[in-house]
Amino acid sequence: MSFTFYIFLYCFLIFVLLSTYNGKNKNFLFLMLILPVLVYAHSFIDTNTIADLPNYKESFYDASTINVFNPVDIEYFRMFHKCEYGYILLLKSISLFTADFGVYLCVSSCLFLGFYSYVILKYSPNVGLSFLMLLLIVFDQSTFVLRQHFSIAFVLLSIPSILERKFYKFLLIVAIATLLHKSTFIWFIMYFFYGMKKPWQIFLSLGTMAVVIGLIFNNLGFLNDRLGLGYASYIEGAKTGESNLVSFFVSLTMFVAYMVVCGKRMFDDGIMKLCTLAMYTHIVLSFVGVNLSLLSRFSLVFNTSVLFIVPIVCKNIKSGVIRFAYIFMCLTIYGYITHFGSFSESMKECKLYLFNTEEMIYFLILIVLTLYVTIKSQPKKELIKLNNA
């Protein structure tokens, strides 16, 4: 059993204990109790007990020795580490202050969880439930798939730009996210599809777009050989078909429940409509790309819509018994997939370690900053609204 299972149990206990608390600082108290634990669990992992982290550790040390403004250094670095330029800049920037990889993980974890905290506080009607879904859908994989999940967390900051139709701000955020990991460029389509008004037009256009993307990825082996895209390791995978099929049916179940409970309101302007678009895109991509591991990686950003869909559905279920059953179903399904399914093999040997003095100082400072910035970035009216939701 992975240590992240016990982290989830701790956060679930805090969620249950605070469920009867109606104070105006409920969300702040919840974040105070879980964020330090989550940052610690996300940062101070024994790099020898989990896949990919040894490579990230080597990348961090190598980044400290290069000139990021020298094209020759950058290309030589990318030959060995396959990092996008934006992520190289992130590695280099943090290496200017510390040579400790643990500190780097702590900084990136605070940013990662800070980004999610911001959008969850801003748009979720139930902050605690969103964080529980975050733990089951995102957290485990994000401990070793660092670049992509950091990029996904960052690109979600573009949600206000989509809803408020601020294209240039949206474009800037997506561009930066793509420089961190190229997979997030697919989020670009959300801005344009959100502007459509008719449901049939949305479903038809998004479905067509997803099928076209699937066909492109289906021929990626040919493109990879001809263009040297560097995706060979993702094109095939032994468990890809099974995991993508499970993802398709689970997402479809969540979408049907969302549609039944919310009805036409799922197309109301705001976070509900955006979640409808993102979840529908994820379902179609999961189905089209059943045997394509790379396509499943590109569709991860759309699956984050579950963080908002589950609380929204709960808010719209009037029966307390049905609401409890729905929450139980969601936590059970995603909990089983994460902690008892095939993915759990990736985490079962993972271990934490006690930080050293330098890491402890950075940890405490960054936790305080993350909490302060996250809470202060929310307008007071929105915080009161969320606390009363």
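Position numbers for residues count from 1 along each chain, tracking the sequence in the order it is written. Given that the model is predicted, a residue must reach a pLDDT of at least 70 before its local features are reported, and side-chain atom pairs must reach 80 or more before they are shown or counted; all residues, however, enter totals for whole chains, interfaces and linings. Hydrogens and water molecules were not included; the side-chain quantities draw on all heavy atoms of the structure.

Structural notes on the overall build of the chain
- Counting from the N terminus, the helices are DSSP H or I runs at least four residues long and the strands are E runs at least two residues long. For the chain, the helix and strand inventory stands at 22 helices and zero strands.
- Counting all 389 residues of the chain, 54% fall into the buried class.
- Taking the contacts inside the chain whose residues are at least 6 apart along the sequence as the reference set, 76% of them involve residues at least 24 apart. Relative accessible area decides the class of each residue, using a 1.4 Å probe on protein chains only: under 20% of the type maximum gives buried, over 50% gives exposed, and in between gives partly exposed. Should any heavy atoms of two residues lie within 4.5 Å, those residues are counted as being in contact.

A short note on the packing of aromatic side chains
- Stacked, edge-to-face and tilted are the three classes for Phe, Tyr and Trp ring pairs, Trp counted by its six-membered ring, which pair at centre distances within 6.5 Å; planes under 30 degrees apart are stacked, over 60 edge-to-face, the rest tilted. For the structure shown, the criterion picks out 26 aromatic pairs.
- Between Phe112 and Tyr116, the aromatic rings sit 5.3 Å apart at their centres with planes inclined by 75 degrees, giving edge-to-face as the arrangement. Placement of the pair is Phe112 and Tyr116 together in helix α6 (residues 101–123), with a separation of four residues, close to one helical turn.
- When its relative accessible area of 3% is taken as the criterion, Phe112 is described as buried.
- Judged by its relative accessible area of 1%, Tyr116 is buried.
- Through pairs of rings, three or more aromatic residues link up here, namely Phe167, Tyr168, Phe170, Phe188, Tyr191 and Phe192.
- Charge-over-ring placement is defined geometrically: NZ (Lys) or CZ (Arg) within 6 Å of the ring centre, and within 35 degrees of the ring normal. Note that Arg165 overlies the ring of Tyr191, its terminal NZ or CZ placed 4.0 Å from the centroid.

Observations regarding the nonpolar core
- Working definition of a nonpolar core: buried Ala, Val, Leu, Ile, Met, Phe, Trp, Tyr and Cys residues. They are joined through side-chain atoms within 4.5 Å. Formed by 132 residues in total, the largest nonpolar core has its most connected members in Trp187, Met190 and Tyr326.
- The element contributing the most residues to this core is α6, with 15 residues.
- Setting aside residues no more than four positions away along its own chain, Trp187 makes contact with Val155, Leu156, Ser158, Ile159, Ile162, Phe170, Val174, Leu274, Ala278, Val301 and Phe302.

Regarding the environment of Ser19
- Inspection of the secondary structure puts Ser19 in the loop between α1 (3–18) and α2 (26–43).
- The exposure class of Ser19 is partly exposed, given its relative accessible area of 41%.
- With 107 residues separating them along the chain, Ser19 and Asn126 place their C-alpha atoms 10.0 Å apart.
- Here the side chain of Ser19 touches Val16 through a polar contact of 2.5 Å, landing on its backbone oxygen. Side-chain atoms alone can form a polar contact between residues adjacent in sequence; in general such a contact is a pair of N or O atoms within 3.5 Å, and within protein one must be able to donate a hydrogen while the other accepts it.

So, unusual backbone geometry
- Phi angles above zero are rare outside glycine, and Asp52 is one such case at about 75 degrees.
- Here Asp52 is to be found in the loop between α2 and α3 (53–63).
- One non-glycine residue with positive phi stands out, namely Arg165, at about 60 degrees.
- In this fold, Arg165 is placed in the loop between α9 (159–163) and α10 (167–180).

Here's the deal with α2
- A helix's residues, less one, multiplied by 1.5 Å, set its expected span. Relative to the 26 Å expected for 18 residues at 1.5 Å per residue, α2 spans 26 Å between its end C-alpha atoms, a close match to the ideal helical length.
- In this analysis the local bend is the angle between axes fitted, respectively, to the seven residues ending at and the seven residues starting at the residue. Where α2 bends most, at Ile34, the angle is about 30 degrees, and the proline Pro36 comes one to four residues later.
- If you check which residues of α2 are buried, you get Asn27, Phe30, Leu31, Ile34, Leu35, Leu38, Val39, Tyr40, Ala41, His42 and Ser43.

A look at the state of the cysteines
- Two cysteine sulfur atoms make up a disulfide if the distance between them is within 2.5 Å. One pass over the full model with this rule turns up zero disulfides.
- Cys262 takes part in no disulfide bond, and the closest cysteine sulfur, belonging to Cys275, lies 9.7 Å away.

Description of the confidence of the model for the chain
- pLDDT is a residue-level measure of predictor confidence that goes from 0 to 100. Residues of the chain with pLDDT of at least 70 account for 86%, and the chain-wide mean is 83.
- Contacts for the low-pLDDT stretch residues 381–389, under 50 throughout, to residues beyond four places or in other chains number 16 contacts.

Concerning a nonpolar patch on the surface
- A cluster of nonpolar residues, Leu245, Phe249, Leu252, Val256, Met259 and Val260, forms a patch on the protein surface that exposes about 510 Å² of accessible area.
- Locating Met259 in the fold gives a position in helix α15 (residues 240–262). Patch rule: a residue counts if its relative accessible area is over 30% and it has no salt bridge; like charges are joined within 9 Å, and nonpolar side chains (Val, Leu, Ile, Met, Phe, Trp, Tyr) within 5 Å. Each accessible area is a Shrake-Rupley estimate made with a 1.4 Å probe; only the visible protein chains count as cover when residues are assessed. The term salt bridge refers to a side-chain nitrogen of Lys or Arg lying within 4 Å of a carboxyl oxygen of Asp or Glu.

A few points about the pattern of salt bridges
- Per the counting criterion, the structure on display carries five salt bridges.
- Put simply, Lys166 and Glu164 hold a salt bridge, and the shortest N to O gap is 3.1 Å.
- The shortest N-O distance in the salt bridge between Lys197 and Asp269 comes to 3.8 Å. On the criterion of sequence distance, the pair formed by Lys197 in the loop between α11 (189–194) and α12 (199–218) and Asp269 in the loop between α15 and α16 (271–288) is long-range, its members being 72 residues apart. No difference in accessibility class separates Lys197 from Asp269, as the two residues are exposed.
- Several salt bridges share partner residues, and in doing so they unite Glu84, Arg147 and Lys182 into one network.

Concerning the side chain of Ser124
- For Ser124, the position within the fold is in the loop between α6 and α7 (127–142).
- A residue is classified by how much of its surface remains accessible, and Ser124, at 0% relative accessible area, is buried.
- Among the polar contacts listed, one links the side chain of Ser124 to the side chain of Ser130, at a separation of 2.6 Å.

Considerations on α6
- In this model, α6 (23 residues) spans 33 Å end to end at C-alpha, consistent with the 33 Å of a helix rising 1.5 Å per residue.
- A large share of α6 lies buried, amounting to 21 of its 23 residues.
- Where α6 begins, the side chain of Asp100 points an oxygen toward the backbone nitrogen of Gly102, at a separation of 2.7 Å.

So, the environment of Val260
- Within the element layout of this structure, Val260 appears in helix α15.
- On the basis of relative accessible area, Val260 is assigned to the exposed category, the value being 64%.
- Taking the C-alpha atoms as reference points, Val260 and Val313, 53 residues apart in sequence, are found 9.4 Å from one another.

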